[in-house]
Amino acid sequence: MFARRLLAPTASFFLFGPRGTGKSTWIANNFAGAPTYDLLNTSESLRLSRDPEALYREVEGLPAGTWVVIDEVQKVPELLDEVHRLIERRRLRFVLSGSSARQLKRGGGNLLAGRAVVEQMFPLVSAELAFRPSTDNLLVHGSMPLAVTGVDPAGYLLAYAETYLEEEIRAEALTRSIGAFSRFLEVAARQNGQVTNLSAISRDAAVARATVQNYFEILQDTLVGHWVHAWKLKRAAKQVAHPKFYLFDCGVARALSGRLPYPPAPEEEGALLETLLFAEMRAYAAYAKLRYPLYYWRTHDGVEVDVLCETRRGFVAVEIKASVRWERRFHRGLERMRTELGAHRVRCYGVYRGAQPARWNDIEVLPVMDFLRRLWGGDILA
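The text that follows walks through the structure, step by step, so that each part is easy to find. (Residues numbered from 1 in each chain as written. Predicted model: local features only at pLDDT ≥ 70, side-chain atom pairs only at ≥ 80, totals over all residues. Heavy atoms only, no water.)

## A look at the layout of surface pockets
Empty pockets left among the atoms are what a rolling probe the size of a water molecule brings to light.
For step 1, the next point in the chain: Space inside the largest pocket adds up to approximately 720 Å³.
For step 2, the next point in the chain: Lining the largest pocket are 26 residues; nearest its centre among them are Q120, F122, Q220, H226 and R282.
For step 3, the next point in the chain: Listing elements by their share of the lining of the largest pocket, those giving two or more residues are β5 (117–120), α11 (209–221), β6 (225–228) and α13 (266–287).
For step 4, the next point in the chain: In terms of residues, the lining of the largest pocket owes the most to one element, β6, which gives 4 residues.
For step 5, the next point in the chain: In this structure, the second largest pocket encloses a volume near 460 Å³.
For step 6, the next point in the chain: Listed by contribution, the elements that provide at least two residues to the lining of the second largest pocket are α9 (178–190), α12 (250–257), α13, β9 (304–311) and β10 (314–320).
For step 7, the next point in the chain: Per element, the largest residue contribution to the lining of the second largest pocket is 6 residues, and it comes from α13.
For step 8, the next point in the chain: Taken together, the residues that form the lining of the second largest pocket break down as 7 nonpolar, 6 polar and 10 charged. (1 Å grid on protein atoms, 1.4 Å probe; cavity = no way out; pocket = protein on both sides within 12 Å on 5 of 7 lines; lining within 4 Å. Points joined across faces, edges and corners; volume = space filled by probe spheres on them. Helix = DSSP H or I, 4+ residues; strand = E, 2+ residues; numbered from the N terminus. Nonpolar A, V, L, I, M, F, W, Y, C, P; charged D, E, K, R; others polar.)

## A few points about the packing of α9 against helix α10 (residues 198–205)
For step 1, the next point in the chain: The contact between α9 and α10 brings their axes to 9 Å, and the two run at 130 degrees. As far as their axial angle goes, α10 and α9 are oblique. You can see that α9 and α10 cross each other, and the crossing is right-handed. Of the residues in α10, those touching α9 at R183, F184 and V187 are I201, D204 and A205.
For step 2, the next point in the chain: Looking at the contact of α9 with α10, its residues break down into 4 nonpolar, no polar and 2 charged. (Axes fitted to C-alpha atoms, helices over the stretch in contact; angles between N-to-C directions. Parallel < 35°, antiparallel > 145°, perpendicular 65-115°, else oblique. Left-handed = near helix turned anticlockwise from the far one by under 90°. Contact = heavy atoms within 4.5 Å.)

## Quick look at the sheet that holds strand β1 (residues 13–16)
For step 1, the next point in the chain: Read from one edge of the open sheet, 5 strands run β2-β3-β4-β1-β5, paired in parallel fashion. Each end of this open sheet is capped by a strand with a single partner; those strands are β2 (36–38) and β5. On average, each strand axis in the sheet is tilted by 15 degrees relative to the strand beside it, whichever way the strands run.
For step 2, the next point in the chain: Set on the sheet, helix α4 (residues 79–90) makes contact with β1, β3 (67–71) and β4 (93–98); between it and β4 the angle comes to about 155 degrees. (Pairing = 2+ DSSP bridges.)

## A word on the pairing of strand β7 (residues 244–247)
For step 1, the next point in the chain: Going residue by residue along β7, you find K244 and Y246 tucked away on one face and F245 and L247 tucked away on the opposite face as well.
For step 2, the next point in the chain: Bridge analysis of β6 against β7 gives 4 bridges, and the strand direction is antiparallel. Its bridge partner being in β7, G225 is matched across the sheet by L247. (Buried < 20%, exposed > 50% of the residue type's maximum accessible area, 1.4 Å probe, protein only.)

## A few points about the pattern of salt bridges
For step 1, the next point in the chain: Across all of its chains, the model carries 24 salt bridges by this definition.
For step 2, the next point in the chain: Here D362 ties to R338 by a salt bridge, and the two come within 2.7 Å at their closest N and O atoms. With D362 in the loop between β12 (358–360) and β13 (363–367) and R338 in helix α14 (residues 332–341), this pair connects stretches of sequence that are 24 residues apart.
For step 3, the next point in the chain: What makes R338 buried here is its relative accessible area of 15%. (Salt bridge = Lys/Arg side-chain N within 4 Å of Asp/Glu carboxyl O.)

Okay, here's the thing in structure tokens:
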């Protein structure tokens, strides 16, 4: 239904992404007819965990270059040793998909030492949706495929949140207390996009601080969220160094926070818009193979730039406002950044929910969808 922006590699690869982002559909469309091992099938995962060499015996006779798909490969990490042998000896190619890298990393799984690249799958991006959904709808329900196409996006997102707790946490035994993790998750989701204060979250969720830190690792390893670190100017002495944590989708963030039944409150809208734009920029960089990290910048006197990225053409600084009216005071962080880095080295953008683009000296101000069109047209992060 949607033309996804991820291009199929020509050699073996891992495909990681949160559950529900469309990995299996994309694989079926791009590797139709390939032998497939679905490890969500309990009998299949049990069979191969008891006898990982069965994989080798079953596919070693295939012609060199043949693709083989292993879905949810983290369920049986031992298979990666057999995949390694089959790549080396039989020249087979593998699609290795998963919604969690945690078991692979913690279990010392064979990550194939450069014999398989790593690709990411994100929720639907604005370019895949032909820029049709309104910004308001993306902030409320996000862009998970079934939230976009289904008749009950709120019901789907609530079920998704429950499924995440059940399948990713309880089933994989990542934490002993599902109740404590659930309390943490709601508190963390309500602080989505804010500078992370582990002590405050620990207090509000009634969970030990060290446990909170471990829970954030679970969210990152299961691809439900990611850290955005503070970027440091080399000669600056006083800057905020704590990272921000962003959940991967606005709709999922609202479901996990318990806010989904209600319209977004004014205090939510800014963080949701940042979540949307960070997700789009991360997806563009990954699909375009740019590998640019995204940062934010904030000084102790409250001067902030929401997104900072170094590209081949210099720095890109983006200030994001949920307001429908752009104001001169929004320029403070961008102007400070231009002073610190040199005006000629920084391209500055303002993104807001208004309808008209504008230019304020060297700052280009764009409505959300105009910015996203420019992003996917290759202009912003060039």
